[in-house]
Amino acid sequence: MTEDVLASAHVRLEGVSRHFGAGESLVEVLHDVSFSVARGARCVIVGASGSGKSTLLNAIGGLDRPDAGRILVDGQDVTAMSPKELTRYRRRHIGFVFQFYNLVPDLTVRENIQVTAHLVRRPLDIDDLLVHLGLYEHRNKFPAQLSGGQQQRCAIARALVKGSDLLLADEPTGALDRHTSQQMLEVLDDVHRIYRATLVMVTHNEAITGLADQVIELRDGRVVRDELNPHPRAARDLDW
Amino acid sequence: MNAAALGLTLRRSWRGFRAGWARWSAIVVLLTVGLGVVVGLITSATATLGGIDQGARAGQLADGTVITEIPLTSAQLSAAEEVGARIVPTPYVDVPGRSAGADTTVRAFRSDQAVSRPTLDAGELPGCSDEVMVEKLHAAAHRLRVGDSVIVDGRPLRISGIGSLPDYTLASPQLGQTSDPARFALMVVSGSTYDRLAASHPRAVVAAYGYVLEGATHEQLRKHLSQIVLEPDRASNPYVAQALAAARQAGVPLSYPAMSLFLPVDDNPRITGAITDARTTMLVTVVTTVLVMLLVAYVLAEFSRDRIVRDAVVIGTQSALGTSAGALLRFYLVLPLVVTTVGAVLGAVLGRALAPYLGIITDYYSFPAVPVEPSARLVAVAVAGPVALVALVHVVVLRAALDRPTQELLRPQVSGGPSLPLRLDFLPFLTTFRLRQALRSLGSYLLIVMGLFLCILLLVFGLGIRSAMDAYLARAGADLTFADTYTLRFPDLSAVPAGAHEAVAVPMRVLDDDGQPGTTLTVLGVPEDNPYFPVPPSTLGAYDLVLSRAAAHKYRLGVGDAITLRDSSRLNWSFRVVGVADYTATAFGFTTPAHARALVDPGVLVAAERMSAAGGGASRPYYNVLLSDQPLDLDPDRVLSHSTREEMLGGVVKFNVLLSRIVTLVTWSSMLIMVVVLYVLIRMVVARQRYSISLLKALGYSDRQVGRLYLDNYLWVVVGSVAVAVPVAVAIMSQVWRLMTVHLPIGIQFLVTPRDVALMAGLALASYAVVRLATSRDTRSVPVTEVLKVRE
Ligand SMILES: Nc1ncnc2c1ncn2[C@@H]1O[C@H](COP(=O)(O)OP(=O)(O)OP(=O)(O)O)[C@@H](O)[C@H]1O
Ligand SMILES: [Mg+2]
């Protein structure tokens, strides 16, 4: 990793550890995790189920607090923020795509996006996003009336609408077929290109690493690979 | 169910309880307080009516009372028997006495009288000439017990028993006496002691009788007895002879019936007073019971339903995996049944403990003591009712849930609701969001509105009665500005005693719709200089009446209505109500003295005028009532009755004391119930949105914003419901109260003061604040990362 990348690091983790439980039932989920992601980079985190990917992403997103170590985003220490500051941080900087979609059940598709858009002063155009993600005709449906793929697209639209500079996506393609996955990745790619956002995406699909600028692999809560990809491919050119 | 499955069910239920312990405990509190109040009130009211009933039955209460000027002869008694009525002597004599060092007036009755006999709370009736039974209120006033002694007419008598008399109209004290049970003592002595007392105080003996109807009606007996005319030379009162002579001289027919009192038991204010008070408290009990049970049932049903509906996905999954409906039902029933049973049993225990303090009427009226214990049936119903309700709701809701295709159960239900009919994009997003949210949660809002409405009905009821009684007591106290009222049988028309004001009172009976004479309404002729009553205009017509507010209330009359009254010589007079005067203490029809005199028996008028003229003095216009702010020194033989302000207020005060314990209990418990109910209901509907709330926070909404989006709507629901519910509840409860008090001789108007309204609004808002605090605390305490693992 070059000094250049480090200097312009958007996200930087220093010795982050996280464990759950205590005594007999103590589980070390993250163990001394350190890496940096450059501004505007596409970083893909891979690892087996239970290796700690979601936990790591939640910590970066300010939803969870590590037991040790620091997470610096734009030079600001996320781990030192008060709950209020965390709320402001999530609002201003983070677009989140959750592993289980997590749409607000009592809001329609459009409202789910709207409710997030409302958090920032200049959100993207909601209808554009809906059209782009093929959700326009479903805009008035409730989450329970959508298929899994449609829900995920809605979740992505919700993450994108704020135009945040750090997009965190937890298995955005986990439950989708190949074709839809590819579409999804193209959308993310587009957004990344247009808005120059930094993208940190978790997946267990090794194929997706092909489009990344940087690949990080977790195993049992430890970083076992952290490499830069000099020739990232476009989403539509990926082999599955 | 095998042991392992049972263990699992219990563990899961225990976790369910721990997760929602505050709400489950609130349900227990609601049941305990609600059932406690209901069981307590019903137990107390039943015991009261039971006591009155027992007194009447055990004491062989006569059908009515007759008092005559001179003892009836045995020929007259057997003549009455031919008409169809048995007349039994129940004479009494008033003698001086001393109890626990205080001077008293003792009214002594014979222990061997055949009707309206005493009933005992302790000990036995006097068996020999130096024993006495003391009436319980007097005994309580001086802490007298069986074995103590009291002095009656100078001789000490040992108290052999303490009890009560079923008919104590007779206790109406005479001139200069007081009805204070500490100083006016009812006692029952042996026949020989009675004879001795009567022999040494012949003028103080009253020829009282109890009658038992055996075929005749009250009216037939009244008519028969009023034909027994007093022979002047046998009358004990010297004025009787004088009056008859004066009337004969003037050539006016006048006869005094030998009977001076004819009182059917249903007209006896001392008996009916207690019964109407007991009936009123019973009605308060019934209304409270209905409202509390509605509330408890409502909350229990909604709470049970909510739990199953929210667990629909789990139920669907389990059912998809092959769990039987019965097994599911058993699991979902464990926790609610345990909680309901615990709450209901605690409620029954609380009710049992409360009952003896709930203004048991025998503390104020002389009725036999009865055990104040909830009946086994009441306890069984109080416990089984809520348990059965909860089981039923579970069966119905769970069946309905399982009848839907499993496919549907596996997906969470769309939280639909009506969508906004028009585009509201011009409004700020937050506003439209909240409006849509409101429309989608209409069901939840309605749930809270209903619960709050029931609570407010209960509160309005309690607070309203309290305020009405307070206002009435203040008004009645202010209206009764005179201290002593004397009704004169033989007025001395030569002068009105110094400091006294005269009036003309004519007791008349109100004819009901069937033309039958009913209760007595006194027509009062008030002179212009009378300071105590509203003075009717001198231009008032002879057939016009101004009713006191109490009379207007009692007979439901207003200006322009007609009322027909019957006088003592059976003539009917039709009057028109031309006004309602602001006088609440007693039911009166006010008129001018001249018009009132026209209603008086002409023989009585002439006799009174002649007697004064014979005395040599100048004669004033006829009057028969003297009012004064201090006791007057009058010739006892001229006086028919004397009552004091304390006595006139006493009934109301007694009623107020009785009712106030109940009302206090109802008010306090309904305040507690309101807080608990709102807590349970709001928490319940907010919990339905907990997931959305946590999620919005994950997305970057602050606590305050989430609060505004989801919780503040409930504030408006609460505020709106209070604003609507209070006037509606007041309207409903004033009608209920009116129905409850029609039998009261006074007009107490239902009243809810601004302070009451402020209290209710404050309570509703306070409950909301508690819920708001608890909710934001528990959404804060749920780690967002955990919510994210939920596939909703
Ligand atoms: N609240 C918690 N309490 C205890 N252990 C937890 C908790 N949350 C996560 N874990 C544990 O942490 C480990 C990592 O979980 P995490 O969700 O980060 O895995 P993941 O890599 O995202 O897996 P997947 O690919 O299946 O989503 C798991 O072994 C899990 O059991
Ligand atoms: Mg994961």
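The next thing to look at is the sheet that holds strand β5 (residues 76-77) of chain A. Residue and element names in this part refer to chain A. Spatial ordering of the open sheet is given by β2-β1-β4-β5, a layout of 4 strands whose pairing is antiparallel. Lying at the two open borders of the sheet, with one neighbouring strand each, are β2 (27-38) and β5. Inspection of the sheet shows strand β4 (residues 68-73) paired to β5 by 2 bridges, in the antiparallel sense. Bridged to Leu-72 within β5 is Asp-77.

Turning our attention to a positive patch on the surface. Taken together, the side chains of Lys-84, Arg-88, Arg-92, Arg-121 and Arg-122 of chain A together with Arg-704 and Arg-708 of chain B make up a positively charged region of the molecular surface. Elements that contribute at least two residues to the positive patch include exactly α3 (83-93) of chain A together with α20 (703-741) of chain B. With respect to the helices and strands, the residue Arg-708 of chain B is situated in helix α20.

This part takes up the sheet that holds strand β6 (residues 94-97) of chain A. Residue and element names in this part refer to chain A. Sheet architecture is open: 6 strands sit in the order β6-β7-β8-β3-β9-β10, paired in mixed fashion. Of all the strands in the sheet, just β6 and β10 (222-228) have a single pairing partner and so form its edges. Between one strand and the next, the sheet's axes are offset by a mean angle of 15 degrees, whatever the strand orientation. Against the sheet, helix α6 (residues 148-160) touches β6 and β7 (166-170), its axis set at about 175 degrees to β6.

A contiguous nonpolar patch, built from Val-286, Val-290 and Leu-294 of chain B and spanning about 240 Å² of accessible area, is present on the exposed surface. Counting through the fold element by element, Val-290 of chain B comes out in helix α8 (residues 269-310).

Taken domain by domain, chain B holds domain 1 (1-63 + 282-412), domain 2 (70-226), domain 3 (420-479 + 647-792) and domain 4 (484-630). Spacing between the C-alpha centres of domain 1 of chain B and domain 4 of chain B amounts to 57 Å.

With that settled, consider the pattern of salt bridges. Under the criterion given, the structure shown has 30 salt bridges over all chains. The partner of Asp-64 of chain A in a salt bridge is Arg-18 of chain A, with the nearest N and O atoms 3.0 Å apart. On the criterion of sequence distance, the pair formed by Asp-64 of chain A in the loop between α2 (53-60) and β4 and Arg-18 of chain A in strand β1 (residues 9-20) is long-range, its members being 46 residues apart. A salt bridge links Arg-475 of chain B to Asp-479 of chain B; the shortest N-O distance between them is 3.4 Å. With a gap of 4 residues between them, Arg-475 of chain B and Asp-479 of chain B both fall in helix α14 (residues 442-479), about one helical turn apart. By relative accessible area, Asp-479 of chain B is classed as buried at 10%. What you see here is one network of salt bridges that share partners, running through Glu-206, Glu-217, Arg-219, Arg-225 and Glu-227 of chain A.

What follows is about the nonpolar core. Residue and element names in this part refer to chain B. Ile-456 and Phe-533 are the most contacted members of the largest nonpolar core, which has 154 residues in total. Here this core gets 20 residues from one element, more than from any other, and that element is helix α18 (residues 645-687). Beyond its immediate stretch of four places on either side in the chain, Phe-533 contacts Phe-482, Leu-524, Val-526, Tyr-583, Phe-588, Phe-590 and Leu-627. Grouped together as the second largest cluster of nonpolar side chains are 64 residues, Ile-87, Leu-565, Leu-605 and Ala-607 included.

What counts as what
- Residues numbered from 1 in each chain as written.
- Chains lettered and ligands numbered in written order.
- Predicted model: local features only at pLDDT ≥ 70, side-chain atom pairs only at ≥ 80, totals over all residues.
- Heavy atoms only, no water.
- Pairing = 2+ DSSP bridges.
- Helix = DSSP H or I, 4+ residues; strand = E, 2+ residues; numbered from the N terminus.
- Patch = residues over 30% accessible without salt bridge, like charges linked within 9 Å, V, L, I, M, F, W, Y side chains within 5 Å.
- Areas by Shrake-Rupley, 256 points an atom, 1.4 Å probe, with all protein chains shown as cover.
- Salt bridge = Lys/Arg side-chain N within 4 Å of Asp/Glu carboxyl O.
- Lys, Arg positive; Asp, Glu negative; His and termini not counted.
- Charge placed at Lys NZ, Arg CZ, Asp CG, Glu CD.
- Axes fitted to C-alpha atoms, helices over the stretch in contact; angles between N-to-C directions.
- Contact = heavy atoms within 4.5 Å.
- Domains from an automatic or database assignment.
- Buried < 20%, exposed > 50% of the residue type's maximum accessible area, 1.4 Å probe, protein only.
- Core = buried A, V, L, I, M, F, W, Y, C linked by side-chain atoms within 4.5 Å.

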